[in-house]
Amino acid sequence: MDNEESLPNPSPQKVDARPLLKKSRTTISDDSHFPGPLFPAVRRTTTTPPSRRLPSDLRVSVGNDSSPTLGIINRSGGSTGSSSSASFSDRDWMYPSFLGPHTVRNRITVKPAPSSSNSQKLGKASAGGVQRKVAAVVDEKQRIANRPAVVERKTSSEKEVVSSQDLVIRCNSVNQGRAPRVKPSFVFYTLIFTCMFSVSYAIYLRNEVSRLEGENTNLQRVCICKGAVDAISEKVDSLRKGKSEVIEKNHILILGWSDKLGSVLKQLAIANKSVGGGVVVVLAERDKEEMEMDIAKLEFDFMGTSVICRSGSPLILADLKKVSVLKARAIIVLASDENADQLYALFCNQSDARALRVVLSLTGVKEGLKGHVVVEMSDLDNEPLVKLVGGELIETVVAHDVIGRLMIQCALQPGLAQIWEDILGFENAEFYIKRWPQLDGMRFGDALISFPDAIPCGVKVVADKGKIIMNPDDNYLLKEGDEILVIAEDDDTYAPGPLPEVHRGFFPKISNPPKFPEKILFCGWRRDIDDMIMVLEAFLARGSELWMFNEVAEKDREKKLTDGGLDISGLENIKLVHRVGNAVIRRHLENLPLETFDSILILADESLEDSIVHSDSRCLATLLLIRDIQSKRLPDRDKKSTSLRLSGFSHSSWIREMQQASDKSIIISEILDSRTRNLVSVSRISDYVLSNELVSMALAMVAEDKQINRVLEELFAEEGNEMCIKPAEFYLFDQEEVCFYDIMVRGRQRNEVVIGYRLASADHAIINPPQKLEPRKWSLDDVFVVISLGE
């Protein structure tokens with residue numbers, strides 16, 4: 001009776017005739033519609049005819065308790081399992097839950113169909129086996145069908161709801177009577193293996209691609225780094241070799257390399273000390289590191305001046321632009337001993353040929369040069385051609401000519417070499433040209449004593465195209481635009497002041513003594529010895545003799561002198577006397593009357609001038625031999641008169657004998673290396689001329705101011721004004737006490753400019769002395785340094 005109560009809307013039945021449930025079997029129709037891609041819809045069909053029923057069938061009933069009951073239906077319509085009645089849902093189609101929510105009233109229950117007792121055993125046995133199979137299938141499929149797939153099937157009289165698990169069970173029961181099919185496990189696992197292998201291989205390929213991309217990135221980075229390193233190395237190597245461009249302006253450019261470079265750099269550093277230092281760029285055909293090492297060996301404090309070395313040729317325009325030749329305020333072309341190809345035939349030496357080629361290269365700069373060019377030349381005869389090529393930009397300093405003239409002046413006036421060394425360099429007083437508007441309209445005689453810290457010695461006349469007049473007349477009136485040439489410590493250390501009070505007074509007016517014939521000896525052969533002979537012709541009195549002692553054959557001498565432009569037959573004041581021999585062999589020197597010469601000039605021989613060490617060694621050896629021979633031939637002097645000069649030496653020493661000989665004869669040695677100067681100066685047996693040092697000073701002065709070259713040319717020339725040493729008796733009485741301004745005023749009456757003095761007790765002269773108004777007691781043994789017009 002319970003079963004009847006569980007059915008919805010039961011129909012009245014007889015008690016003895018229990019209503020039978022409608023037999024039906026759940027199947028999947030072939031033409032049914034599948035609303036979802038994964039789970040098909042399940043519906044109930046009508047009762048299957050008995051002929052088409054399976055031996056055992058699965059019955060589904062819906063109970064009120066929503067618990068499915070599984071039963072096996074036999075062929076006769078009986079069933080195993082529960083005999084309780086069931087009611088059906090009003091819906092016969094159920095869809096999977098993941099396709100959307102649907103209304104479900106009752107759960108599907110599986111109920112066994114009624115059967116007879118005879119068939120119950122078989123049904124139970126079959127049901128037991130089926131139940132075991134169904135349970136295994138349910139366990140296997142449970143992971144797949146976690147959510148119930150609801151399927152609905154409608155009939156005219158009732159609805160049934162079937163879960164996906166029941167659907168699987170029914171499908172298995174339907175297929176029991178069919179032939180067994182091959183399980184899809186092999187294909188499934190093959191597909192799974194293929195998919196897994198494909199995914200793994202894809203992951204592997206992806207990792208390989210990532211790895212290769214990383215390696216490619218690293219290689220690119222390495223290549224970039226290597227390229228950067230190579231670029232940096234190339235740049236460093238370019239800097240090390242001096243091939244990089246110099247970004248400078250208003251600097252001094254030195255072209256070439258010679259033994260004068262160290263002295264030039266030293267003088268330029270001293271000149272720029274007052275402005276905190278400058279920039280000097282050196283361009284030479286040498287390795288940059290070698291040049292820097294040689295400069296470092298100078299052991300000189302450049303006082304803020306930077307020296308930049310670059311490797312290149314001054315004959316190549318690209319190398320000139322590399323060192324900012326267009327922005328340089330001055331260019332110095334040093335003489336060298338390099339070959340000059342076919343141009344050697346046009347010149348007497350190779351150095352001047354190369355200088356001409358450098359000047360041609362500089363004039364080829366189309367943009368134009370900002371500064372002037374100072375060219376060191378070796379031969380005076382080549383100067384006009386270089387100036388013709390370079391024009392107004394070129395200033396020449398003929399080294400051999402300057403030194404030759406200076407040596408002659410020093411031979412005739414002992415002590416003048418030290419004065420020139422002080423004036424030409426920047427360490428003491430030097431020449432400066434500057435305009436002072438407050439002096440316009442003033443007489444030069446008054447302007448001469450208006451500078452307490454400088455000594456005016458000339459005027460640059462603006463009306464005469466800037467011509468510099470040395471030692472002008474006292475009555476010359478300074479005009480607007482005129483500039484004053486002075487000797488001062490530095491360009492910013494002097495300025496005009498109020499006129500001081502001076503005492504002109506009386507002084508002995510002694511005229512210059514007349515010239516007497518002199519006897520001079522030249523030891524060695526220089527390239528421009530013909531020019532030195534011309535200077536001596538102008539300075540010496542008639543009847544003088546010039547002895548020439550060297551290793552050049554006598555027949556070759558006249559040819560060389562004639563080729564140099566000397567007219568031997570036209571000499572009026574001097575007579576040439578030739579002797580052949582070696583100046584370092586004693587027996588050759590003993591054949592000469594060394595005790596009879598007024599002056600002896602030991603020249604740096606032409607054959608050794610390329611090696612300053614060998615040249616200086618030869619000069620020292622010749623000097624010692626000559627002094628030793630003279631000391632044995634000359635009579636002894638009064639010991640009392642020589643006691644002042646022999647301080648620090650024993651009276652019995654050989655140096656004392658040589659010093660006594662030096663009082664009777666003047667020897668001027670040409671020294672190339674400044675280190676040799678100490679050996680000569682300490683012994684006090686000879687005066688000397690630092691040829692390379694003095695030429696370097698002149699080059700530096702002209703580089704700083706090109707106008708100074710006009711001053712030097714006049715002072716070294718045979719005619720015009722010159723530097724002289726005059727005795728004190730020309731300007732004062734013995735033990736007279738006057739100030740230096742008084743001496744300057746007295747010198748103006750002799751048409752001279754007094755620029756300094758040297759006391760009898762001092763070894764060096766003082767140029768542009770301080771405290772010019774301070775009185776001093778003078779002695780007749782003192783001497784004064786003046787600029788005077790030559791006679």
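In case you missed it, the structure is sitting above this.
Model, not experiment: these values are computed from the prediction.

## As for the overall build of the protein chain
Here's step 1: Helix and strand counts for the protein chain come out as 22 helices and 29 strands.
Here's step 2: Among the 791 residues that make up the protein chain, the fraction classed as buried is 49%.
Here's step 3: Of the contacts formed within the protein chain by residues at least 6 apart in sequence, a portion of 76% connects residues at least 24 apart.
Here's step 4: In the structure as shown, the protein chain presents an accessible area of about 40,400 Å², 54% of it carried by carbon and sulfur atoms.

## What about the sheet that holds strand β26 (residues 752–758)?
Here's step 1: The sheet built from four strands is open, its strands ordered β24-β29-β26-β27 with antiparallel pairing. Of all strands in the sheet, those bounded by a partner on one side alone are β24 (721–727) and β27 (766–767).
Here's step 2: Here seven bridges tie β24 to strand β29 (residues 783–789), and the two strands are oriented antiparallel to one another. By the bridge assignment, Asn-721 is partnered in β29 with Leu-789.

## Digging into unusual backbone geometry
Here's step 1: Positive phi is not limited to glycine here, since Met-303 has a value of about 55 degrees.
Here's step 2: Residue placement: Met-303 occurs in the loop between α6 (288–296) and β10 (306–311).
Here's step 3: Backbone geometry at Gln-771 places phi at a positive 50 degrees, although glycine is not the residue there.
Here's step 4: Note on placement: Gln-771 falls in the loop between β27 and β28 (776–777).

## Concerning the packing of aromatic side chains
Here's step 1: The final tally for this structure, using the stated rule, is 13 aromatic pairs.
Here's step 2: Between Phe-197 and Tyr-201, the ring centres sit 6.2 Å apart and the planes meet at 10 degrees, which makes this aromatic pair stacked. Here Phe-197 and its partner Tyr-201 are both found in helix α4 (residues 185–240), four residues apart, which amounts to about one turn of the helix.
Here's step 3: Assessed through its relative accessible area of 43%, Tyr-201 is described here as partly exposed.
Here's step 4: With 6.0 Å between their ring centres and 55 degrees between their planes, Phe-451 and Tyr-494 make a pair best called tilted. One end of the pair, Phe-451, is in the loop between α12 (444–447) and β15 (454–461); the other, Tyr-494, is in the loop between β17 (483–488) and β18 (519–523), and 43 residues separate them in sequence.
Here's step 5: Within the aromatic cluster, the residues linked to one another by ring pairs are Phe-730, Tyr-731, Phe-740, Tyr-757, Trp-778 and Phe-784.
Here's step 6: Seen from the ring of Trp-257, Arg-286 lies directly overhead, with NZ or CZ sitting 4.5 Å from the centre.
Here's step 7: Above the ring of Phe-597, the side-chain terminus of Lys-519 is found at 5.3 Å from the ring centroid.

## What about the packing of helix α10 (residues 399–412) against helix α11 (residues 416–424)?
Here's step 1: At a minimum axis distance of 8 Å, the contact between α10 and α11 shows a crossing angle of 135 degrees. Classified by the angle between their axes, α10 and α11 sit oblique to one another. Residues Leu-406, Gln-409 and Cys-410 of α10 touch α11, and the partners they reach there are Leu-416, Ala-417 and Trp-420.
Here's step 2: For the contact of α10 with α11, the per-class residue count stands at five nonpolar, one polar and no charged.

## Observations concerning the pattern of salt bridges
Here's step 1: Counted according to the given criterion, the structure contains 27 salt bridges.
Here's step 2: Note that Lys-559 is salt-bridged to Asp-563, the shortest N-O span being 3.1 Å. Of this pair, Lys-559 and Asp-563 both sit in helix α14 (residues 554–563), separated by four residues, roughly a single helical turn.
Here's step 3: Note that Glu-752 is salt-bridged to Lys-726, the shortest N-O span being 2.9 Å. On the criterion of sequence distance, the pair formed by Glu-752 in strand β26 and Lys-726 in strand β24 is long-range, its members being 26 residues apart.
Here's step 4: In this structure Lys-726 comes out as buried when scored by relative accessible area, which is 10%.

## Examining the pairing of β18
Here's step 1: Summarising burial for β18: five of the five residues are buried, a large majority.
Here's step 2: Residues Lys-519, Leu-521 and Cys-523 point to one face of β18 and Ile-520 and Phe-522 to the other, with burial holding for every one of them.
Here's step 3: Pairing between β18 and strand β19 (residues 544–550): five bridges, direction parallel. By the bridge assignment for β19, Cys-523 is matched with Phe-549.
Here's step 4: Between β18 and its parallel partner β19, the chain crosses via helix α13 (residues 529–539), and the hand of that crossover is right-handed.
Here's step 5: Bridging between β18 and strand β21 (residues 599–602) involves four bridges; their strand directions are parallel. For Leu-521, the partnering residue across the bridge sits in β21 and is Ile-600.

## Concerning the environment of Lys-260
Here's step 1: Residue placement: Lys-260 occurs in the loop between β8 (252–255) and α5 (261–271).
Here's step 2: Relative accessible area serves as the criterion here: at 11%, Lys-260 is assigned to the buried category.
Here's step 3: Along the primary structure Lys-260 and Leu-334 are separated by 74 residues, whereas in three dimensions their C-alpha atoms are 8.0 Å apart.
Here's step 4: Residue contacts for Lys-260: discarding those within four places in its chain leaves Glu-376, Asn-692, Val-695 and Ser-696.
Here's step 5: Here the side chain of Lys-260 touches Glu-376 through a polar contact of 2.9 Å, side chain to side chain.

## Examining the nonpolar core
Here's step 1: Formed by 124 residues in total, the largest nonpolar core has its most connected members in Ile-254, Phe-431, Leu-601, Ile-755 and Phe-784.
Here's step 2: Among the elements that line this core, the one with the most residues is helix α20 (residues 691–704), at nine residues.
Here's step 3: Each residue touching Leu-601, except ones within four places of it in the same chain, is listed here: Met-407, Ile-408, Ala-411, Ile-520, Leu-521, Phe-522, Cys-523, Met-532 and Ile-668.
Here's step 4: Membership of the second largest hydrophobic core comes to 25 residues, among which are Ala-328, Val-359, Leu-362 and Ile-394.

## Brief notes about the pairing of strand β14 (residues 430–434)
Here's step 1: Most of β14 is tucked away: four of the five residues are buried.
Here's step 2: Direction of pairing for β14 relative to β17: antiparallel, over a ladder of five bridges. For Tyr-432, the partnering residue across the bridge sits in β17 and is Val-486.

## Concerning a nonpolar patch on the surface
Here's step 1: Together, Phe-193, Phe-197, Tyr-201, Tyr-204 and Leu-205 make up an exposed nonpolar region whose accessible area comes to about 560 Å².
Here's step 2: Counting through the fold element by element, Phe-193 comes out in helix α4.

What counts and how
Residues numbered from 1 in each chain as written. Predicted model: local features only at pLDDT ≥ 70, side-chain atom pairs only at ≥ 80, totals over all residues. Heavy atoms only, no water. Helix = DSSP H or I, 4+ residues; strand = E, 2+ residues; numbered from the N terminus. Buried < 20%, exposed > 50% of the residue type's maximum accessible area, 1.4 Å probe, protein only. Contact = heavy atoms within 4.5 Å. Areas by Shrake-Rupley, 256 points an atom, 1.4 Å probe, with all protein chains shown as cover. Pairing = 2+ DSSP bridges. Phe/Tyr/Trp six-rings, centres within 6.5 Å; stacked < 30°, edge-to-face > 60°. Lys NZ or Arg CZ within 6 Å of the ring centre and 35° of its normal. Axes fitted to C-alpha atoms, helices over the stretch in contact; angles between N-to-C directions. Parallel < 35°, antiparallel > 145°, perpendicular 65-115°, else oblique. Nonpolar A, V, L, I, M, F, W, Y, C, P; charged D, E, K, R; others polar. Salt bridge = Lys/Arg side-chain N within 4 Å of Asp/Glu carboxyl O. Right-handed = clockwise from strand over helix to strand, strands pointing away. Polar contact = N/O pair within 3.5 Å; in protein donor to acceptor, adjacent residues only side chain to side chain. Core = buried A, V, L, I, M, F, W, Y, C linked by side-chain atoms within 4.5 Å. Patch = residues over 30% accessible without salt bridge, like charges linked within 9 Å, V, L, I, M, F, W, Y side chains within 5 Å.

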